[in-house]
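# Reading the structure
Given next are the chains, with one letter for each unit.
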Amino acid sequence: MRRQRNTKIVATLGPSSSDYEMIRKLHECGADVFRLNMSHGRHDEIRERHRIIREVERELESTIAILADLQGPKLRVGVFANEAEELEEGAAFRLDLEDRPGDATRVTLPHPEIFAVLDKGANLLVNDGKIRLRVTSCGPDFADCEVIAGGTISNRKGVNVPDVVLPLAALSEKDRADLEFVCQLGVDWLALSFVQRPEDVQEARKLAGGRAAILSKIEKPAAVKAFDDILAVSDGIMVARGDLGVELPVQNVPPIQKQLVRKCRSAAKPVIVATQMLESMIESPMPTRAEVSDVAAAIYEGTDAVMLSAESAAGQYPAEAVRTMDAVAREVETDPTYRDVIEASRRVVRSTVADGIVAAAREIAETTEIAAICTFTHGGTTALLTSRERPKVPILALTPLRGTARKLTLSWGVNCYMTAELSRFKQAVVNAARTARSHGFATEADQILVMAGVPFNVPGSTNILRVAPCEERLIFASDPE
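A brief report on the enclosed structure follows. Remember, it's a predicted structure, so these values are computed and weren't measured experimentally.

Attention now moves to the sheet that holds strand 16 (residues 305-308). The strand order around the closed barrel built from eight strands is 1-2-3-12-13-14-15-16, with neighbouring strands paired in parallel fashion. The mean angle between the axes of side-by-side strands here comes to 25°, regardless of whether they run parallel or antiparallel. When strand 1 (residues 8-13) meets strand 2 (residues 33-37), the two strands line up parallel, connected through four bridges. Looking across to strand 2, one finds that Ala11 is bridged to Phe34.

Structure representation (structure tokens):
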């Protein structure tokens, strides 16, 4: 299914989007990737959603990526005798390990690992940052705090600790079980929550064993500080602005978002901008102007994908939310300013033969009449490098590997199609021309660019760039074997 845009849309599935009709509708409206949130839903529910996605993929002869988002370690306070209490600004409040209901002066925080690293002056954020506590004294089993920002605190509210790197495994026992479950199902991407260090990513990669690509969610200050190292060991990135905006001053988030998007593009790794993009559409069929501007800003920055969370998972208007994102992306990408921004933010990377070939392909496509850039790929590297260039013409990724095609669906501008294993370059050109014609990217009168590696079927061997006609008679008359 050809999209009239390059930016991809990730839609989260949930109670509002769990049956065949709605999942198919979301894909037809513009969803390229479906997110399965492992924080919600039983394994049998996740399995059924996965089955439906693959059924839609087969019926529409499309390529759909599935991203499983692991919950990560959840830090929560205990329960209160009265279920909730009001904390006043300036009051004293204690967090401890005592196994008894809380009151207006204290509550259990059943995480000794937090107390082990706290220092005087550290901040603790409760209930998405609505309540802010500052540590005045602490020990191995308690933290006495001053209430800096008060409010209602109730049973099992989440706790954020922004000032320290917590000695927590990135994968809980639940995460490990979920990871194995979704890898056996056959998801394409694994999203890791609350990543703090590159070792967190490496642990997940070892457990995945090559069965899924690894996407790191950047939602903690520690991850921002260690971003370059985390990016180096990740296959992709999600800028998860929800917790990031809780643990950092909110004004810090937009420049961080811009910096991370550019670094990901330079590294030729896909990046998703996520959280609260069209939040009002959970209950309204129309977004706010500010939300539309937020989505547009991420697209202008050159993000590979924008994501819907509760809007499509639990909202009243999931299809309308996808249509809105699709419409915003198409409008932005036709704005001449968009190309100006994309060109200005391109970083020259020329360290390998493949880097040079994809850069040359973009330059040729922009100075001559080229209908599409066609890349033959096994592991996906050539298509990712081509996507990094953000060319003006469509990118067609042709691969014999279904897993590679699905994984590449997340990347900016990449249209993925299956092809047979090849042994000769002329076959590659013919297949590229047929694919470009049959899917409406070119006519027989057009020319295309074809990139491949000889010998064929060897990952990372891209070494040929050919300007080729789309008319097969001319291909057989002029192309080398």
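Here the narrative resumes, following the displayed structure.
Spatially, six strands are ordered 6-5-9-8-7-11 in an open sheet, and the strand pairing comes out mixed. In this open sheet, the two strands that pair with only one neighbour each are strand 6 (106-108) and strand 11 (159-160). Bridge analysis of strand 5 (residues 92-96) against strand 6 gives three bridges, and the strand direction is parallel. By the bridge assignment, Arg94 is partnered in strand 6 with Arg106.

What follows is about the pattern of salt bridges. Should the charged atoms of two oppositely charged side chains come close, the side chains can pair. Scanning the model with the defined rule gives 38 salt bridges in all. Between Glu59 and Arg24 there is a salt bridge whose closest N-O contact spans 3.1 Å. Here Arg24 lies in helix 1 (residues 20-29) and Glu59 lies in helix 2 (residues 43-60), a separation of 35 residues in the sequence. Given a relative accessible area of 42%, Glu59 falls into the partly exposed group.

What follows covers the pairing of strand 14 (residues 236-240). Burial analysis of strand 14 places five of its five residues in the buried class, the great majority of the element. Both faces of strand 14 are covered, namely the face carrying Gly236, Met238 and Ala240 and the face carrying Ile237 and Val239. Judged from the four bridges that link them, strand 13 (residues 213-218) and strand 14 form a sheet pairing that is parallel. Residue pairing for strand 14: Lys217 is matched across the bridge by Met238. The sheet contact formed by strand 14 and strand 15 (residues 271-274) spans four bridges and is parallel.

Cut-offs used in this document
Residues numbered from 1 in each chain as written. Predicted model: local features only at pLDDT ≥ 70, side-chain atom pairs only at ≥ 80, totals over all residues. Heavy atoms only, no water. Pairing = 2+ DSSP bridges. Helix = DSSP H or I, 4+ residues; strand = E, 2+ residues; numbered from the N terminus. Axes fitted to C-alpha atoms, helices over the stretch in contact; angles between N-to-C directions. Salt bridge = Lys/Arg side-chain N within 4 Å of Asp/Glu carboxyl O. Buried < 20%, exposed > 50% of the residue type's maximum accessible area, 1.4 Å probe, protein only.

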